[in-house]
Each structure stands twice: as structure tokens, then as C-alpha cells.
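# Inside the fold
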Amino acid sequence: MDTATDITIEHYQRPEVKAAIISYCLNDEAIRALNGDNGWYKRAAEPDKVQLTTPEDYDSLIQKHRTLYATLDLLDPELRTVSEKWNDRKGAPEKPIGTLADCLAFTLSVDIDSIRGHNGEDITTSPDIRSAVEAAGQFFVNYLREHGVCKSVHCLYSGGGIYIHIHHALFRANPDWSPDDREHAFRSVTAAFNSLIGGISERFFELHPECKGKVKFDQLNNQKRKFKTLFSIHKRLPFAVIPLDPGCIEIDFRKAKLPLSLEVLESGANWYQSYDLEEKESLKRLMAPYAGVLKERKARSGNHEIPRFSKPIPSEMWPPCMKNIFQKAEPGRGPHRALAVLAAYLYQAGWPEDDAFKLWEPIAERAGVEARIFDQWYGLMSCPSCQTLQSESAGYPKVGLGGLGYCEGGC
């Protein structure tokens, strides 16, 4: 289904908007994959084959999509010509196009997102939620600055929260690296940065408990992770993604409304320009305590990579154990373990984060489980095997659910 309108097309056709988006997607002889509201691929010339959508597809993408996304990874430009056979059952190519083995640089990022209130209030209607998001964003930027990372940090208002990007120049592949070297290096650095985000998040909520339940820190730097581009239009809210001053983070909804002013367009032309290569060592020192996170994941799940479906699995097709968690999770029935498993499953079942959290949150509230469990498991932990789930456990974080009634009826 096309989501573009005459207003969104007119916005994306503005020369300043197009130039800013294309500039962000084409860097250092590498490319970011560019896509719209859904899907990474376009039909190739060969029957039943697809290719990755890239900045060269900008004009066709804006005719179909309201929102534009780009990868945090900068990929080998030779991927432009790669085509692979499409698999309808998987909803993806037989062989992935654009992996960490093809990555030439990576923009480490955090999405500091607002949490909708119980009565439907959001960042645009609740000053408390907006203040919590601004405080979280400023805390994260200040934390990096205090530890020697400043010039390479760039911020955006994302529509629902704040993006904080660290310039990809700090994490480029060595020209002598093999594809396996690149995959290992980028997998290690993204995993460590995800854990660093978690550490900064915990410190923020210790100091600002009043912000709990209003804001969350996304820990999902991974292969082909996509963020809305600069000047993209939010999928639901009537705002565009615009630059923020890292030194004084304040969200101004008026500036984000269409049509964007010349002042905002000029700020976009100057955005994401600065970096300091000496800051790489400071950031590596910050991430050093988290360097073993990949080994921990492999020990827990048996694999470094967390596979997922490209399209959400409808709830009626979930395995019985997940349906039972959804229907039966409550205090006294291992709720933290059950909700952790459900969060992990929703990621692998292809549910986008916002939709997954909306589904997960009412169950968690019923069971008395904090939102942090979702943040710690969605996209970060593999869903345990049936054998693991059917085993008994002494308690969270061991995730066996045996004896709690969730695995009745088979898996």
C-alpha cells in the first residue's frame, strides 16, 4: 500500500531536502541502503530476483512512501548491482543482500524514544514526556562529552523522540580486512555499543527516576539497522526529522512542521559534517567493559546473530506457548521470565519495535513487569528453544517456564 501524498511528494522534491538525504546516504565511496515504509528491495531485471534499494531510487521511493529510512551501515557500493532470487515463504531473498561482511563503516546510534501514556498522551501533547525525552538526550550527549566524545556527535528530532548519531568515520573498515574480518569487527563494536547504551540508560534512570515510563533508550545497533533520514516525515505525526543542537537539546514542534523553513533546511545542509578521529579511542575505552557481550549472547543462544522474519507473524499463527504467555501471564506465574521470552519472540517474529511494545505493554502491566524487560530482550536476546522453555527454572533471568502452564499443548 502506497503511503505517499501530494504533500509528502512536494516536500521530498524540494532540492534542499533531496540533497541532504542523498548526501547522508552517499559517503566515502560507500552507500547506505535507502527505503520507504516497508521493504528493502526492488524487482531486478531478471525474473523472480530482487535488488537492494539505494539512493539512486530516491525519486521512485518518494512516489510511494511517506517515510524514508536509511541504514546505519555504509555498504560496499558494488551491492548496487547484486540481485538474488526472492523467497516468498521467507519474505526475503534466498541470500541476504547487504550484511556486516559488506559493511565499510557504521554510524553507531541510539534512538531515545518517548513512551505513550496510559491515556494516549504522547510527546506532542504531554510536556512531561517531552521534557523526559529532552533530558535523556542531553544526558546521553553530556555523558559522551565528559568521556571525550564531542565533535563526532550529531542529534536529530525524530518525530517521536531523539536520534543521537556518532559519525561513521570513527568506525571504518580497514582496507586490508577480509569480509569475515569486517563482519566480526562490526558485530563486536555494535554489540558493545548496545551494552554501553544500556549502561548509560541505567545511570540516567538512577538519577532521574521521575522519567521512568516516559522515555526509553533503544539498544538495537545491528545489521541493516534503519533510522529515519534527516528531513524524513514521521509515519504518524505531522513532523519532519530535523537537526538538534547537541549542546542544548530542545524540541521545537513548530520548526518540524511542513513546509520546513529555509533556516531549518540550512541547518540540515550543515548537519553530520564534523568528526574527530581522536575521539575513537575515547569511545573504545567507554565500550571496553562491554566487549564480551557477544560471547555472552553465544553462550545463551548458541549464535551471534539473532534471526528474524521480514514480515510480522500474525498472533493467530504464534506457537501455543507464546499465545499462552499473551493470555495467561500474571503475578505468581514467572511474569518476568515470561515477558522477557515474549519480547524476544516478537523481535524474531518480525514485529516492528513500536508495534511490538504496544502489544507487549498491556500484558506487562497486567503481570506487574517493568518496561526495562522489553528493552533488555527485544532484539538483544534470542528466543529460547522449546526444550529450554519446558525446563523448570529457579527464577529470572533463567528463562525456563516449566510448571507454569505456558507450554501446555506443545510448542
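The rules behind these values
Residues numbered from 1 in each chain as written. Predicted model: local features only at pLDDT ≥ 70, side-chain atom pairs only at ≥ 80, totals over all residues. Heavy atoms only, no water. Phe/Tyr/Trp six-rings, centres within 6.5 Å; stacked < 30°, edge-to-face > 60°. Helix = DSSP H or I, 4+ residues; strand = E, 2+ residues; numbered from the N terminus. Lys NZ or Arg CZ within 6 Å of the ring centre and 35° of its normal. Polar contact = N/O pair within 3.5 Å; in protein donor to acceptor, adjacent residues only side chain to side chain. Contact = heavy atoms within 4.5 Å. Pairing = 2+ DSSP bridges. Axes fitted to C-alpha atoms, helices over the stretch in contact; angles between N-to-C directions. pLDDT = per-residue confidence, 0-100. Core = buried A, V, L, I, M, F, W, Y, C linked by side-chain atoms within 4.5 Å. Buried < 20%, exposed > 50% of the residue type's maximum accessible area, 1.4 Å probe, protein only. Expected span 1.5 Å × (residues − 1). Bend = angle between axes of the 7 residues up to and from the residue.

### Considering the packing of aromatic side chains
Taken as a whole, this structure holds 23 aromatic pairs when the rule is applied. Relative to phenylalanine 217, the ring of phenylalanine 140 has its centre 6.4 Å away and its plane inclined at 35 degrees; by these criteria the two rings are tilted. One end of the pair, phenylalanine 140, is in helix 4 (residues 127–146); the other, phenylalanine 217, is in strand 14 (residues 215–217), and 77 residues separate them in sequence. Taken together through their ring pairs, the aromatic side chains of Phe139, Phe140, Tyr143, Phe204, Phe205 and Phe217 make up a single cluster. Sitting above the plane of the tyrosine 24 ring, arginine 32 keeps its charged end 3.9 Å from the centroid. Over the ring of tyrosine 406 we find arginine 333, and its NZ or CZ is 5.2 Å from the ring centre.

### Let's talk about the side chain of threonine 71
Within the element layout of this structure, threonine 71 appears in strand 6 (residues 69–71). A distance of 3.1 Å separates a polar side-chain atom of threonine 71 from the backbone nitrogen of alanine 33. Every residue in contact with threonine 71, bar those within four places of it in the chain, is listed here: Arg32, Ala33, Trp40, Lys224, Arg225 and Lys226.

### Observations concerning the sheet that holds strand 11 (residues 108–114)
In space, the five strands of this open sheet follow the order 14-11-13-12-16, with antiparallel pairing throughout. Both outer strands of the open sheet, strand 14 and strand 16 (242–244), are each paired with one neighbouring strand and no more. Between one strand axis and the next, the sheet turns through 25 degrees on average, direction left out of account.

### Things to note about the confidence of the model for the protein
Per-residue pLDDT for the protein has a mean of 88; in total, 92% of the residues score no lower than 70. Here residues 297–304 is a poorly scored stretch, pLDDT under 50, and it has 14 contacts once near neighbours within four places are set aside; other chains count.

### Comments concerning the nonpolar core
Residues Phe140 and Leu283 are the most contacted members of the largest nonpolar core, which totals 75 residues. At nine residues, helix 5 (residues 179–207) tops the list of elements feeding residues into this core. Not counting the four nearest positions on each side in its chain, leucine 283 is found in contact with Leu108, Leu144, Val149, Ile166, Phe171, Phe193 and Leu196. Of all hydrophobic cores here, the second largest spans 38 residues; its members include Trp318, Ile325, Ala340 and Leu389.

### Things to note about helix 12 (residues 353–367)
For an α-helix, 3.6 residues make a turn, and residues three or four places apart therefore share a direction. Its 15 residues give helix 12 an end-to-end C-alpha distance of 20 Å, which sits within 8% of 21 Å, the value for a rise of 1.5 Å per residue. At tryptophan 360, helix 12 is bent by approximately 30 degrees, the largest bend along its length, and proline proline 362 sits one to four residues beyond. Residues of helix 12 that are buried include every one of Glu353, Ala356, Phe357, Trp360, Ile363, Ala364 and Ala367, and no others. With its phi angle positive at about 75 degrees, glycine 368 sits one or two positions after the end of helix 12.

### Things to note about unusual backbone geometry
The omega angle of the peptide bond from leucine 258 to proline 259 is -5 degrees, so this bond is cis rather than trans. Look at phenylalanine 231: it is not a glycine, yet its phi comes out positive at around 70 degrees. Looking at the element boundaries, phenylalanine 231 is found in the loop between strand 15 (226–228) and strand 16.

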